[in-house]
Every structure is written in C-alpha cells, then in structure tokens.
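Chains, contacts and geometry: an overview
The lines below spell out each chain.
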Amino acid sequence: MNPWIAIGALAVVGIGIPIGMMAVSSLLRPSVPEQGKSATYESGEIPTGSARIQFNIQYYMVALLFVVFDIETVLIFPWTVIYRSALEQGVSLGAVLTPMLVFVGILVVGLLWAWRNGAVEWVKSPRATRRKTERQS
C-alpha cells in the first residue's frame, strides 16, 4: 500500500471533521437575531470610542524579534541533542560546530542590525522626556 494514501486519508479526515461539525452546528443551532448580540462586549464595561486605534509599531517589532529568537531556540535544541552522537561517530568538532556558529552569527548580525535601526529601543513619550528634563534642571 502506498504511504501517500494514508497521508491523503488523514488530510481528508483532518479537514472533513471540522467542516462537517461546523455544517451540522449551523443547521441545528437556533437562530435568535437580537441587536445586543452584535454589540461589543468589554468585560461588562460599556465600550467608549472606536475600537480602531493606532498601535505603536514597537509592539510589532518586539513581537517579530521574539518570533525570530523563539525559532532560533527551536532550531538549536535538536542540534544539541545530536551533538554528542555525532562526535561519538567520529565527526570532527569543527564540522559539528561550524553550521551552528554560522547560524548564531547570522542571528547576531540580524540583532545588531535591528538594534542599530532602533527596533529594540522603546519610543519615549513626550511627557516622560519632559519630566526627565525638568528633573535635570
């Protein structure tokens, strides 16, 4: 039997079950349209203003840097697991360390680039800057 048939069957089941559950749910659930259901719920508080606000770009940059270095950890961990067995099989230390040092070096260069471009510096509010200058004078 071809192993791709099992993979295809698993994919069909993995996609079919959630779609089937949503279809059955939409057919069986009661529909009671009310105006209150479309209102924004804010933990019991009455919402004020618009939900569309402009976020500071720094949140996005910190999240991206977190993802990059989180993926780094995920890639380094398996390397550390096979490190000892590769040395026991007679692979030289340089052949084992070089790829990981290149990988970490590229990440360090990326971090330095982000740092130089101000991606890891938090933007200071004008009020905080004003307070700092008032204390110094």
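Residues numbered from 1 in each chain as written. Predicted model: local features only at pLDDT ≥ 70, side-chain atom pairs only at ≥ 80, totals over all residues. Heavy atoms only, no water.

Concerning the packing of aromatic side chains
Remark: the centre distance and the inter-plane angle together describe each pair of aromatic rings, the angle taken between the planes. What the rule picks out here adds up to 1 aromatic pair. Here the aromatic rings of W79 and Y83 are separated by 5.4 Å at their centres, their planes lie at 45°, and the arrangement is tilted. Of this pair, W79 and Y83 both sit in helix α2 (residues 57-88), 4 residues apart, which is roughly one turn of that helix. (Phe/Tyr/Trp six-rings, centres within 6.5 Å; stacked < 30°, edge-to-face > 60°. Helix = DSSP H or I, 4+ residues; strand = E, 2+ residues; numbered from the N terminus.)

Re helix α1 (residues 3-28)
Relative to the 38 Å expected for 26 residues at 1.5 Å per residue, α1 spans 37 Å between its end C-alpha atoms, a close match to the ideal helical length. In this structure N2 caps α1, since a side-chain oxygen of it lies 3.2 Å from the backbone nitrogen of W4. (Expected span 1.5 Å × (residues − 1). Polar contact = N/O pair within 3.5 Å; in protein donor to acceptor, adjacent residues only side chain to side chain.)

With respect to the packing of α2 against helix α3 (residues 93-116)
Following both chains from N to C, one finds α2 and α3 inclined at 170°, their axes separated by 10 Å at the closest point. Our classification of the angle between α2 and α3 gives roughly antiparallel. Contact residues: α2 offers L65, V68, F69, E72, L75, I76, W79, Y83, A86 and L87, while α3 offers L93, V96, L97, M100, F103, V104, L107, L111 and A114. A breakdown of the residues in the contact of α2 with α3 according to their chemical character gives 18 nonpolar, no polar and 1 charged. (Axes fitted to C-alpha atoms, helices over the stretch in contact; angles between N-to-C directions. Parallel < 35°, antiparallel > 145°, perpendicular 65-115°, else oblique. Contact = heavy atoms within 4.5 Å. Nonpolar A, V, L, I, M, F, W, Y, C, P; charged D, E, K, R; others polar.)

Observations regarding the confidence of the model for the protein chain
The predicted model of the protein chain averages 82 in pLDDT, with 85% of residues at 70 or higher. Between the elements of the protein chain, mean pLDDT differs from a low of 67, seen in helix α4 (residues 126-136), to a high of 94, seen in α1. (pLDDT = per-residue confidence, 0-100.)

As for the environment of L111
Within the secondary structure, L111 sits in helix α3. Overall, the relative accessible area of 27% leaves L111 in the partly exposed class. (Buried < 20%, exposed > 50% of the residue type's maximum accessible area, 1.4 Å probe, protein only.)

Digging into α2
Between its first and last C-alpha atoms α2 spans 48 Å; for 32 residues at 1.5 Å apiece the expected length is 46 Å, and the two agree. I82 marks where α2 bends most, by close to 35°. Among the residues of α2, Q58, L65, E72, W79 and A86 are the ones counted as buried. Taken together, the buried residues of α2 touch α3. A positive phi of about 100° marks G90, the residue just after α2. (Bend = angle between axes of the 7 residues up to and from the residue.)

Quick word on a nonpolar patch on the surface
A contiguous nonpolar patch, built from F66, V67, I71 and L75 and spanning about 380 Å² of accessible area, is present on the exposed surface. The residue I71 is located in helix α2 in this model. Its relative accessible area of 45% is what places I71 among the partly exposed residues. (Patch = residues over 30% accessible without salt bridge, like charges linked within 9 Å, V, L, I, M, F, W, Y side chains within 5 Å. Areas by Shrake-Rupley, 256 points an atom, 1.4 Å probe, with all protein chains shown as cover. Salt bridge = Lys/Arg side-chain N within 4 Å of Asp/Glu carboxyl O.)

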